[in-house]
Every structure is written in C-alpha cells, then in structure tokens.
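Residues per chain, in single letters:
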Amino acid sequence: MVVALDSERGRWKDKPPPDRAWKSGSRNRNKEAMTAEQDRAAGGHHLRYKDLGDGRRSCASVVLRLPPKNRRIRAYLRWSDKGRYPEKYIGEVDRDTREENLALAWRMALERGLLAAESDNCGGAGDTNESWASTPAVRAVMRGNRSRDTRPERALRSAAHALGLRYRVGIRPLPEIRRTADLVFTKAKVAVFLDGCYWHGCEEHYRPSQKNAEFWSSKIATNRSRDQETDRLLRDAGWETIRIWEHEDVTDAAARVAEVVRHKRRSRSL
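Residues numbered from 1 in each chain as written. Predicted model: local features only at pLDDT ≥ 70, side-chain atom pairs only at ≥ 80, totals over all residues. Heavy atoms only, no water.

With that settled, the discussion passes to the sheet that holds strand S3 (residues 73–79). Pairing in this open sheet of four strands is antiparallel, and the strands run S1-S2-S3-S4 from one edge to the other. Bordering the open sheet on either side are strand S1 (49–53) and strand S4 (87–93), each of which pairs with just one other strand. Between one strand axis and the next, the sheet turns through 35° on average, direction left out of account. Relative to S3, strand S2 (residues 56–65) runs antiparallel, the two being bridged by six bridges. Bridge pairing in S3 links Arg-65 to Arg-74. On the sheet, helix H2 (residues 98–111) packs against S2, S3 and S4 and is oriented at approximately 120° with respect to S4. (Pairing = 2+ DSSP bridges. Helix = DSSP H or I, 4+ residues; strand = E, 2+ residues; numbered from the N terminus. Axes fitted to C-alpha atoms, helices over the stretch in contact; angles between N-to-C directions. Contact = heavy atoms within 4.5 Å.)

Here we take up a positive patch on the surface. Judged by side-chain charge, Lys-187, Arg-262, Arg-265 and Arg-266 come together as a positively charged surface patch. The residue Arg-262 is located in helix H6 (residues 250–269) in this model. (Patch = residues over 30% accessible without salt bridge, like charges linked within 9 Å, V, L, I, M, F, W, Y side chains within 5 Å. Areas by Shrake-Rupley, 256 points an atom, 1.4 Å probe, with all protein chains shown as cover. Salt bridge = Lys/Arg side-chain N within 4 Å of Asp/Glu carboxyl O. Lys, Arg positive; Asp, Glu negative; His and termini not counted. Charge placed at Lys NZ, Arg CZ, Asp CG, Glu CD.)

A few words on the confidence of the model for the protein. Interpretation of the predicted coordinates at a detailed level should be avoided for regions scoring low in pLDDT. When pLDDT is averaged along the protein, the result is 81, and 79% of the positions lie at 70 or above. Across the protein, element-level confidence peaks in strand S8 (residues 240–245) with a mean pLDDT of 96 and bottoms out in helix H3 (residues 136–144) with 42. Predicted confidence is poor over residues 1–10, with pLDDT under 50, and the contacts of this stretch with residues over four places away or in other chains come to 19 contacts. Every residue in residues 118–146 is under pLDDT 50, and counting partners more than four places away or in other chains gives 45 contacts. (pLDDT = per-residue confidence, 0-100.)

Dropping the structure here:
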C-alpha cells in the first residue's frame, strides 16, 4: 500500500514546517524517554528491528530531519551495526506533530519492507533482556506484546508436550520465506501459530484503538492479510497450518494440535 502524503500536494509550500512537527520537545530527554517515544510510534517494542543478514538484527529508530533551505520533513531509519550507524531513507512525512510523523514513518518503513520480522529484544547497542520501561504499567504492556515466549505460548508448549508431542519452537517452516511459526512439526509438516487477539484482529476481543485509529486499523488489517498469505504459501508447499487464538482454552488447543499432527503422521506412513 502506498501512503499518500499531503507534502506531495504542496503542503508547507510558503513556509517551513513548525518545529513541533519534527523536533523533540527537549534536548535533555533521557534514553528511556526517547526509546519509549520510538516504541509508541512503531506500535510496539518488538516491531523495531532491522535485518542485517547472517541471522543478525539491530534495533532501529526513526530520525526526522528538515534539511537546510527545505520545506519537506524527511524520515530516515537508523540502526547500529558493529560500531557504525547506517541510515536508510524512508520518505517524506507531513503530519502536524512529531508523534504523528514518527508513527507515519514507521508505517512506511514496514510497508516498504525495511523492517525484519517481529522480535522482542530491543535495548540499543548490545541488546539485553533488561527492560528499559519506565513504569510497571508500561513494562506489562511491553511483555504482553512480545513476539516470543509469551505466557500463552509457554502454556501451549507445556500442554502439547504433556500429550507426548515433540516439536521445534519459533522457526520458519519454509526457510526461504520469512514467516515464523510458534510450534513446528517438521516431519508431519504442521505449523502452529498462536495469534494475539489484538495484533491479529480477533473478532471476539479486538477493540479498535481510539487514538490514531486509522494507523492502527491499517496495521491490524495488514497483519490479517499477512496471516492469510502465510496460510496459502504453506498450504501450497504441502503444509497444514493451525491457528490458535490466545484466548482459547490451552488444553483444548493442544488436543486439536495433537489430533492434526497424528493424523498427518498416519497419512504420511501409508
């Protein structure tokens, strides 16, 4: 999807954009505040990764600049790589506030394929598991949005293991396609995805955001479309996918997985 910008139609033609559209409010903000700002704009702590190749990733940030003698705010994706700080031009943004422009830039970066698949470690150079969240409430939201080793995932693994199932965790069923399943049964060719109710648009529990509604609605729609494409790609390659909502009873979900896996194993042995 192409994002249409008012700047392409001549916004700020007669005067520069206001400082509030691109400058941060204070030069003395600490690292936690700046990181929190980027996370809010990106839509989550785990959505800010740049794929460096060779299995490496780096946590990225969006930088807004107004070049001298220019009336266009330009957004860049910036990350660290072995002591260097490369940048990739994202595009022009033209919203009224810095917060809106950061969110727009992250959306553009996602749509243009500049970001890696979701991950959970994002602490800057030398990423660690130590949370930088400034309050317990923020930390709880971050952990609820993490993409790996969530509480529902651990519960599902435990329940499946108790039924005698053995599986691989968090790998790509098809290595050439960047789609990671939560449980993978390689011989039976079964991929299990445990979908969060918010991020994947559960009809029962998803509630649209009241703030920046258009942005979030588009993000959820993109996720759902990606899920459908993933299912199709795996099906075309001979795999069966199982999608489980995080609100489902874990015992029932594990039993469903076991039934499908065992049926596939019996079919392949005939």
